[in-house]
Amino acid sequence: MTDALTQLRSMQSADLPVHGGRTLAYVYDSGLPDIDRIGREAVASYAGSNGLDPTAFPSLLRMETEVVGMTADLLEAPETVVGTVTSGGTESVLLAVQTARDAHPGIERPRMVLPATAHAAFHKAAHYFGVEPVLVPVGPDFRADPAAMTAAMDERTVLVVASAPSYAHGVVDPVTEIAAAAAERGIRCHVDACIGGWVLPYAARLGRDVPAWTFAVEGVTSISVDLHKYAYAPKGTSVLLHRTPQLRRPQFFASAAWPGYTMLNSTMQSTKSGGPLAGAWAVMRSLGDDGYERLTRDVFEAVDRIRAGIGETAELAEVSDPDSTLIAVRTDASCDPFTVCDEMAARGWYVQPQMSYAGAPATVHLSVSAATLPHVPEFLEALGEAVAAAVAVGPVTVDPGVAEFIAGLDPLVLSDDDFDGLLVAAGLIGADAAGDPSTSSGHRLALPQRMAEVNAMLDLATPAMREALLVAFLDRLIRPSRH
Ligand SMILES: Cc1ncc(COP(=O)(O)O)c(C=O)c1O
């Protein structure tokens, strides 16, 4: 019985650490072992409970209404607000888009107006729900341009989006202007606060300069806030709030058109584990307002000190003036961000590479957690060493032959053989795996230790080509392991 658990722990040791403040993307670490334990135990005790039917599991209903209530309080919501706990930021965004679309059954080819920096979850929603994304270029500070957003709104627009903040650059869009323009035209305005929603209100209370973005802003009709990010809850929860029950109504799905139970869902999932909701509830209850305020003070102290350290590193510069806990750093011509990421990984720090996009340079992304604060001196020391090592090897280059090959490809008409050739050239699969449908266990995928060359190659490709290449890679990565 214990064998599988021992094996799990051993397998997990090869993953990125979720505690310790050294992983600056994907995970959000309070640095409080008791909070982690409480979250874990709550998840475990509700792992088998089913959120499908709130009347059958009334404790889950109570937790959901309390979690939504706490979120509404934090986000300055009016009495009319309603909300739903979803499985994560992407599900909240999907539901916001689906709800906006279905509120207008008369609009045949619905559109949504997005700043170019909006999260990719909106592109997924566009793809799933047939809502055309109208991408509006942002200003030089990476904040949405309200005049350009307003000009893009028309009679087919069902939703306008702003971020608080954007993931890639950590800046809050001018929500007041965007929401006002949307309201004037009777269009819904969603604020994607998935990543900032739980820290920005506390940052404002601590006296930091935070642009307005909550329900206090007129015209904001819905907001998404992830609990599994800066509420430091276990993975699997986000909250989607609508200003009124009428605005939420199209989100619900019911079907009695079959002989079984009447399916009645507020989210995309039907059967859903009670674990994540219980984990979030327990963590939120345990931390309370005071706990979150302390964690917010810590995380911003870490952010300020890291930003100061970056400012003192000649080869590095921030690309934006972030409003929240996310930092995007570029390098000068003496090195490149991808090699800096590799060199940080070699020193036990995970920082995330971001590709160049729409004229903006490639960067190193940092999602700073409260748990990083005590380790800031080590972080800055590692960063200094990583930059020096990256300068010593010089900026990463792509073989001109590979670059030319990529430039000549059309991602829409690529064959499996083309993909295999590219994956081999990129070092993503071993040559023996190319064209071999029996790459079943994935063990022949030769993911290199250092990713700079691969990232530099992807960076040269168009976004459509990046998507095609990575999908081909993932397709080969996720194959059954049959022994
Ligand atoms: C602004 C924003 N929106 C949406 C998401 C999607 O969240 P998730 O990864 O939980 O689906 C993220 C994730 O980082 C985000 O930063």
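Given the structure is predicted, the values throughout are model-derived calculations rather than measurements.

J.: Explain the side chain of Ser 92 to me, using residue names and the numbers behind them.
T.: Structurally, Ser 92 can be placed in helix H4 (residues 89–102). Of the residues examined, Ser 92 reaches a relative accessible area of 0% and is grouped as buried. Here Ser 92 is in contact with Thr 86, Ser 224, Ser 238, Val 239 and Leu 240, once residues within four sequence places are set aside.

J.: Describe the sheet that holds strand E5 (residues 188–192), and please don't skip the residues or the numbers.
T.: Read across the open sheet, the seven strands follow the order E1-E7-E6-E5-E4-E2-E3; overall the sheet is mixed. With one partner strand each, in any of the chains shown, strand E1 (82–86) and strand E3 (132–136) form the two edges of the open sheet. With strand direction ignored, the average angle separating the axes of adjacent strands in the sheet is 20°. Pairing analysis gives three bridges linking E5 to strand E6 (residues 222–226), with the strands arranged parallel. Looking across to E6, one finds that His 190 is bridged to Ser 222.

J.: Hey, could you go over the nonpolar core for me, with residue numbers and the actual values?
T.: Side chains that are nonpolar tend, in soluble globular proteins, to be buried together. Counting residues in each nonpolar core, the largest one holds 90 residues, and the members touching the most others are Trp 198, Trp 213 and Leu 366. Top element by residues in this core is helix H10 (residues 275–311). It accounts for 15 residues. The contact partners of Leu 366, leaving out residues within four places of it in the chain, are Leu 24, Ile 306, Ile 310, Thr 325, Leu 326, Ile 327, Val 351 and Phe 379. In terms of nonpolar packing, the next biggest core, distinct from the first, is built from 19 residues, Leu 414, Leu 423, Leu 458 and Ala 461 among them.

Each value, and the rule that gives it
Counting from 1, residues in each chain are numbered in the order their sequence is written. Note on the predicted model: pLDDT of at least 70 is required for a residue's local features to be given, and 80 or more for side-chain atom pairs to be given and counted; whole-chain, interface and lining totals, by contrast, use all residues. Computation of side-chain values covers all heavy atoms of the structure but excludes hydrogens and water. Helix and strand assignments follow DSSP, with helices taken as H or I runs no shorter than four residues and strands as E runs no shorter than two, numbered in order from the N terminus. The rule is simple: take the accessible area with a 1.4 Å probe, protein chains only, and divide by the maximum for that residue type; under 20% is buried, over 50% is exposed, in between is partly exposed. In what follows, residue pairs with any heavy atoms lying within 4.5 Å of each other are defined as contacts. Strands were regarded as paired on the criterion that DSSP finds at least two bridges between them. To obtain an axis, a line is fitted to C-alpha atoms, over the contacting stretch when the element is a helix, and the angle between two such axes runs from 0 to 180 degrees between their N-to-C directions. Each nonpolar core is a collection of buried residues, namely Ala, Val, Leu, Ile, Met, Phe, Trp, Tyr and Cys, held together in the definition by side-chain atoms within 4.5 Å.

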